[in-house]
Amino acid sequence: EAGVTQFPSHSVIEKGQTVTLRCDPISGHDNLYWYRRVMGKEIKFLLHFVKESKQDESGMPNNRFLAERTGGTYSTLKVQPAELEDSGVYFCASSQEVPLYGNTIYFGEGSWLTVV
Amino acid sequence: EDKVVQSPLSLVVHEGDTVTLNCSYEVTNFRSLLWYKQEKKAPTFLFMLTSSGIEKKSGRLSSILDKKELSSILNITATQTGDSAIYLCAVPNTGTASKLTFGTGTRLQVTL
(Lines give C-alpha, C1' and ligand atoms only; values in the text may rest on other atoms or scores of the structure.)
Protein backbone atom coordinates (compact mmCIF):
# COMPACT_ATOMS: atom_id res chain seq x y z
CA GLU A 1 0.00 0.00 0.00
CA ALA A 2 1.42 3.37 -0.99
CA GLY A 3 2.02 5.81 1.82
CA VAL A 4 1.46 9.53 1.86
CA THR A 5 3.35 11.00 -1.05
CA GLN A 6 4.47 14.56 -1.45
CA PHE A 7 5.85 16.53 -4.36
CA PRO A 8 8.27 18.16 -4.83
CA SER A 9 10.65 16.72 -2.29
CA HIS A 10 12.81 19.83 -2.51
CA SER A 11 12.18 23.28 -3.86
CA VAL A 12 14.33 26.40 -3.95
CA ILE A 13 12.59 29.61 -4.95
CA GLU A 14 13.26 33.30 -4.73
CA LYS A 15 11.47 35.58 -2.34
CA GLY A 16 8.26 36.81 -3.92
CA GLN A 17 7.76 33.77 -6.12
CA THR A 18 5.00 31.23 -5.84
CA VAL A 19 5.34 27.59 -4.90
CA THR A 20 2.71 24.87 -4.91
CA LEU A 21 3.21 21.74 -2.87
CA ARG A 22 1.20 18.63 -3.55
CA CYS A 23 0.14 15.82 -1.28
CA ASP A 24 -1.45 12.50 -2.18
CA PRO A 25 -2.87 10.84 0.92
CA ILE A 26 -3.13 7.12 1.48
CA SER A 27 -5.95 5.80 -0.68
CA GLY A 28 -9.25 5.87 1.16
CA HIS A 29 -8.13 8.36 3.78
CA ASP A 30 -10.72 11.11 4.09
CA ASN A 31 -8.65 13.12 6.55
CA LEU A 32 -5.67 15.08 5.31
CA TYR A 33 -3.41 17.35 7.34
CA TRP A 34 -0.68 19.83 6.64
CA TYR A 35 2.09 20.52 9.13
CA ARG A 36 5.32 22.41 8.80
CA ARG A 37 8.64 22.68 10.57
CA VAL A 38 10.62 25.87 10.18
CA MET A 39 14.29 25.92 11.10
CA GLY A 40 14.97 25.26 14.75
CA LYS A 41 11.31 25.03 15.67
CA GLU A 42 8.89 22.23 16.34
CA ILE A 43 6.54 20.70 13.79
CA LYS A 44 3.37 22.78 13.79
CA PHE A 45 -0.15 22.04 12.62
CA LEU A 46 -1.42 24.09 9.68
CA LEU A 47 -4.80 22.66 8.76
CA HIS A 48 -7.05 19.64 8.51
CA PHE A 49 -9.31 18.57 5.65
CA VAL A 50 -12.14 16.13 5.90
CA LYS A 51 -12.68 15.13 2.30
CA GLU A 52 -12.78 18.44 0.47
CA SER A 53 -13.84 20.56 3.46
CA LYS A 54 -11.52 22.49 5.72
CA GLN A 55 -12.23 21.18 9.19
CA ASP A 56 -9.65 23.26 11.02
CA GLU A 57 -7.37 25.86 9.51
CA SER A 58 -6.36 27.50 12.76
CA GLY A 59 -2.66 26.92 12.12
CA MET A 60 -2.41 28.69 8.78
CA PRO A 61 0.07 31.51 9.37
CA ASN A 62 -1.38 34.16 7.05
CA ASN A 63 -3.25 34.73 3.82
CA ARG A 64 -0.20 34.01 1.70
CA PHE A 65 -0.96 30.35 2.29
CA LEU A 66 -3.79 28.67 0.42
CA ALA A 67 -4.69 25.01 0.80
CA GLU A 68 -7.12 23.20 -1.42
CA ARG A 69 -8.43 19.69 -1.76
CA THR A 70 -10.75 19.70 -4.72
CA GLY A 71 -12.61 16.42 -5.09
CA GLY A 72 -11.43 15.23 -1.72
CA THR A 73 -8.41 13.38 -3.06
CA TYR A 74 -5.03 15.08 -3.32
CA SER A 75 -4.31 18.44 -1.77
CA THR A 76 -2.21 21.41 -2.72
CA LEU A 77 -0.64 24.05 -0.54
CA LYS A 78 0.27 27.24 -2.34
CA VAL A 79 2.52 29.90 -0.90
CA GLN A 80 2.20 33.21 -2.71
CA PRO A 81 4.27 35.32 -2.46
CA ALA A 82 6.90 33.32 -0.61
CA GLU A 83 8.91 35.00 2.13
CA LEU A 84 12.23 33.97 3.66
CA GLU A 85 10.54 32.84 6.88
CA ASP A 86 8.48 30.32 4.93
CA SER A 87 11.55 28.12 4.49
CA GLY A 88 11.17 24.77 6.17
CA VAL A 89 9.74 21.32 5.76
CA TYR A 90 6.08 20.96 4.92
CA PHE A 91 4.63 17.64 6.01
CA CYS A 92 1.40 16.17 4.81
CA ALA A 93 -0.36 13.45 6.77
CA SER A 94 -3.54 11.46 6.43
CA SER A 95 -5.85 9.23 8.40
CA GLN A 96 -8.85 7.15 7.50
CA GLU A 97 -11.04 8.59 10.23
CA VAL A 98 -10.69 11.46 12.63
CA PRO A 99 -8.36 9.86 15.18
CA LEU A 100 -9.39 9.42 18.76
CA TYR A 101 -5.88 9.35 20.14
CA GLY A 102 -3.73 10.56 17.25
CA ASN A 103 -1.93 7.30 16.62
CA THR A 104 -3.54 6.60 13.25
CA ILE A 105 -2.12 9.62 11.45
CA TYR A 106 0.48 8.73 8.81
CA PHE A 107 3.05 11.25 7.67
CA GLY A 108 4.64 11.82 4.32
CA GLU A 109 8.33 12.49 3.84
CA GLY A 110 7.86 16.21 3.56
CA SER A 111 8.53 18.90 0.99
CA TRP A 112 11.64 20.89 1.79
CA LEU A 113 11.17 24.52 0.82
CA THR A 114 14.01 27.01 0.71
CA VAL A 115 13.22 30.64 -0.03
CA VAL A 116 16.25 32.71 -0.98
CA GLU B 1 -2.18 26.53 24.56
CA ASP B 2 -0.86 22.98 24.60
CA LYS B 3 2.88 22.66 25.04
CA VAL B 4 5.46 19.87 24.70
CA VAL B 5 9.07 20.15 25.81
CA GLN B 6 11.70 17.55 25.02
CA SER B 7 15.15 17.05 26.47
CA PRO B 8 17.93 16.81 25.71
CA LEU B 9 17.86 18.60 22.37
CA SER B 10 20.65 16.40 21.10
CA LEU B 11 22.66 13.47 22.29
CA VAL B 12 25.70 11.57 21.04
CA VAL B 13 26.31 8.08 22.42
CA HIS B 14 28.40 5.06 21.58
CA GLU B 15 26.90 1.94 20.17
CA GLY B 16 25.74 -0.30 23.00
CA ASP B 17 24.88 2.54 25.35
CA THR B 18 21.44 2.98 26.89
CA VAL B 19 19.71 6.32 26.43
CA THR B 20 16.71 7.98 28.03
CA LEU B 21 14.82 10.71 26.25
CA ASN B 22 12.42 12.97 28.09
CA CYS B 23 9.15 14.60 27.19
CA SER B 24 7.02 16.86 29.35
CA TYR B 25 3.65 18.24 28.36
CA GLU B 26 0.96 20.71 29.25
CA VAL B 27 -2.52 20.05 27.93
CA THR B 28 -5.92 21.09 29.19
CA ASN B 29 -7.46 17.65 28.76
CA PHE B 30 -4.96 14.86 28.32
CA ARG B 31 -5.91 12.24 25.76
CA SER B 32 -2.66 10.50 24.82
CA LEU B 33 1.04 11.01 24.24
CA LEU B 34 2.74 9.85 21.07
CA TRP B 35 6.36 9.07 20.24
CA TYR B 36 7.69 9.18 16.68
CA LYS B 37 11.03 8.39 15.07
CA GLN B 38 12.18 10.56 12.18
CA GLU B 39 15.18 9.00 10.50
CA LYS B 40 15.49 10.82 7.26
CA LYS B 41 12.15 12.15 6.26
CA ALA B 42 8.73 10.88 7.39
CA PRO B 43 8.03 10.70 11.12
CA THR B 44 7.06 7.12 11.88
CA PHE B 45 4.91 6.14 14.81
CA LEU B 46 6.53 4.33 17.74
CA PHE B 47 4.25 4.35 20.76
CA MET B 48 1.00 5.70 22.04
CA LEU B 49 0.62 6.10 25.79
CA THR B 50 -2.64 6.76 27.54
CA SER B 51 -2.27 5.30 31.02
CA SER B 52 0.26 6.11 33.70
CA GLY B 53 2.81 3.51 34.71
CA ILE B 54 2.15 1.03 31.91
CA GLU B 55 5.28 0.39 29.88
CA LYS B 56 5.02 0.01 26.15
CA LYS B 57 7.81 -2.03 24.63
CA SER B 58 9.03 -2.78 21.14
CA GLY B 59 12.33 -4.58 20.91
CA ARG B 60 15.01 -2.42 22.48
CA LEU B 61 12.69 0.56 22.76
CA SER B 62 10.33 1.17 25.63
CA SER B 63 8.29 4.06 26.90
CA ILE B 64 6.29 4.95 29.95
CA LEU B 65 3.96 7.74 30.96
CA ASP B 66 3.76 9.55 34.29
CA LYS B 67 0.55 11.57 34.41
CA LYS B 68 1.34 12.91 37.85
CA GLU B 69 4.58 14.44 36.58
CA LEU B 70 3.07 15.25 33.16
CA SER B 71 5.93 13.51 31.46
CA SER B 72 7.08 10.50 29.53
CA ILE B 73 10.39 8.83 28.86
CA LEU B 74 11.61 6.84 25.90
CA ASN B 75 14.36 4.33 26.63
CA ILE B 76 16.58 2.72 24.07
CA THR B 77 18.85 -0.06 25.29
CA ALA B 78 21.91 -1.46 23.50
CA THR B 79 21.79 1.37 20.97
CA GLN B 80 22.78 0.74 17.37
CA THR B 81 23.80 3.13 14.63
CA GLY B 82 20.41 2.55 13.08
CA ASP B 83 18.83 4.22 16.09
CA SER B 84 20.30 7.53 14.97
CA ALA B 85 17.31 9.77 14.32
CA ILE B 86 15.20 12.58 15.67
CA TYR B 87 12.76 11.34 18.29
CA LEU B 88 9.58 13.36 18.48
CA CYS B 89 7.00 13.56 21.22
CA ALA B 90 3.49 14.85 20.53
CA VAL B 91 0.14 15.26 22.22
CA PRO B 92 -3.24 15.60 20.53
CA ASN B 93 -4.95 18.92 20.88
CA THR B 94 -7.52 19.32 23.59
CA GLY B 95 -10.32 19.75 21.10
CA THR B 96 -9.51 17.08 18.55
CA ALA B 97 -6.90 14.36 18.20
CA SER B 98 -6.45 15.37 14.59
CA LYS B 99 -4.29 18.29 15.66
CA LEU B 100 -0.99 17.29 17.24
CA THR B 101 1.32 19.52 19.25
CA PHE B 102 4.94 18.44 18.85
CA GLY B 103 8.05 19.02 20.86
CA THR B 104 11.22 20.16 19.09
CA GLY B 105 12.54 16.62 19.21
CA THR B 106 15.72 15.00 20.48
CA ARG B 107 18.40 14.37 17.89
CA LEU B 108 20.17 11.13 18.76
CA GLN B 109 23.43 10.14 17.13
CA VAL B 110 24.86 6.70 17.81
CA THR B 111 28.53 6.32 16.92
CA LEU B 112 30.67 3.21 16.53
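You'll find the structure just up there.
Just so we're clear, the structure is a prediction, and the values are computed from it rather than from any experiment.

## So, the overall build of chain A
- Within chain A one finds zero helices and eleven strands.
- Reading chain A from its N terminus to its C terminus gives the helix and strand order β-β-β-β-β-β-β-β-β-β-β.
- A compact globule built from 116 residues would reach a C-alpha radius of gyration of about 13 Å, and chain A, at 13 Å, matches this within 12%.
- Principal axes of the C-alpha set define a box for chain A whose edges measure 40 × 25 × 25 Å.
- Sorting the 116 residues of chain A into buried and exposed places 47% on the buried side.
- The long-range fraction of contacts in chain A, counting pairs at least 24 apart against all pairs at least 6 apart in sequence, stands at 54%.
- On chain A, roughly 5900 Å² of surface is accessible, and the fraction owed to carbon and sulfur atoms is 48%.

## Regarding the interface of chain A and chain B
- The partner chain B presents 21 residues to the 23 residues of chain A that form the contact.
- Taken together, the links from chain A to chain B amount to zero salt bridges.
- Remark: the boundary between chain A and chain B carries four residue pairs in polar contact (both at pLDDT 80 or more).
- Mapped onto the side of chain A that touches chain B, the elements with two or more residues apiece are strand 4 (31-38) and strand 5 (44-50) of chain A.

## Things to note about the side chain of Thr-101 of chain B
- Mapped onto the fold, Thr-101 of chain B is located in strand 10 (residues 100-102).
- For Thr-101 of chain B, the residues in contact, after removing those within four places along its chain, are Asp-2, Lys-3, Val-4, Cys-89, Ala-90 and Val-91 of chain B.

## Considering the sheet that holds strand 1 (residues 3-7) of chain B
Residue and element names in this part refer to chain B.
- If you walk across this open sheet you meet the five strands as 1-3-8-7-6, and the pairing is antiparallel. The open sheet has two edge strands, strand 1 and strand 6 (56-58), and neither has a second partner. Taken pair by pair, the neighbouring strands of this sheet meet at an average axis angle of 15 degrees, ignoring direction.
- Both strand 6 and strand 7 (residues 61-66) contribute to a ladder of three bridges, which runs antiparallel. Directly across from Lys-56, in strand 7, lies its bridge partner Ser-63.

## Description of the state of the cysteines
- Under the criterion given, the structure shown has two disulfides over all chains.
- There is a disulfide in this structure between Cys-23 of chain A and Cys-92 of chain A, and the S-S distance comes to 1.8 Å. Here the disulfide of Cys-23 of chain A and Cys-92 of chain A is left-handed, its torsion about the S-S bond being about -65 degrees. Of this pair, Cys-23 of chain A sits in strand 3 (residues 19-24) while Cys-92 of chain A sits in strand 9 (residues 88-95); the two residues are 69 residues apart in sequence, bridging distant segments of the chain. You'll find Cys-23 of chain A and Cys-92 of chain A in the same group, each marked buried.
- Sulfur-sulfur distance for the disulfide between Cys-23 of chain B and Cys-89 of chain B comes to 1.9 Å.

## With respect to the side chain of Asp-86 of chain A
Residues and elements named next belong to chain A.
- Along the polypeptide, Asp-86 turns up in the loop between strand 8 (75-79) and strand 9.
- When its relative accessible area of 1% is taken as the criterion, Asp-86 is described as buried.
- For Asp-86, the residues in contact, after removing those within four places along its chain, are Arg-36, Arg-64, Phe-65, Val-79, Pro-81, Leu-113 and Val-115.

Quick notes on the rules
- Residues numbered from 1 in each chain as written.
- Chains lettered and ligands numbered in written order.
- Predicted model: local features only at pLDDT ≥ 70, side-chain atom pairs only at ≥ 80, totals over all residues.
- Heavy atoms only, no water.
- Helix = DSSP H or I, 4+ residues; strand = E, 2+ residues; numbered from the N terminus.
- Rg over C-alpha atoms; globule rule 2.2 N^0.38 Å.
- Buried < 20%, exposed > 50% of the residue type's maximum accessible area, 1.4 Å probe, protein only.
- Contact = heavy atoms within 4.5 Å.
- Areas by Shrake-Rupley, 256 points an atom, 1.4 Å probe, with all protein chains shown as cover.
- Salt bridge = Lys/Arg side-chain N within 4 Å of Asp/Glu carboxyl O.
- Polar contact = N/O pair within 3.5 Å; in protein donor to acceptor, adjacent residues only side chain to side chain.
- Pairing = 2+ DSSP bridges.
- Axes fitted to C-alpha atoms, helices over the stretch in contact; angles between N-to-C directions.
- Disulfide = S-S within 2.5 Å.

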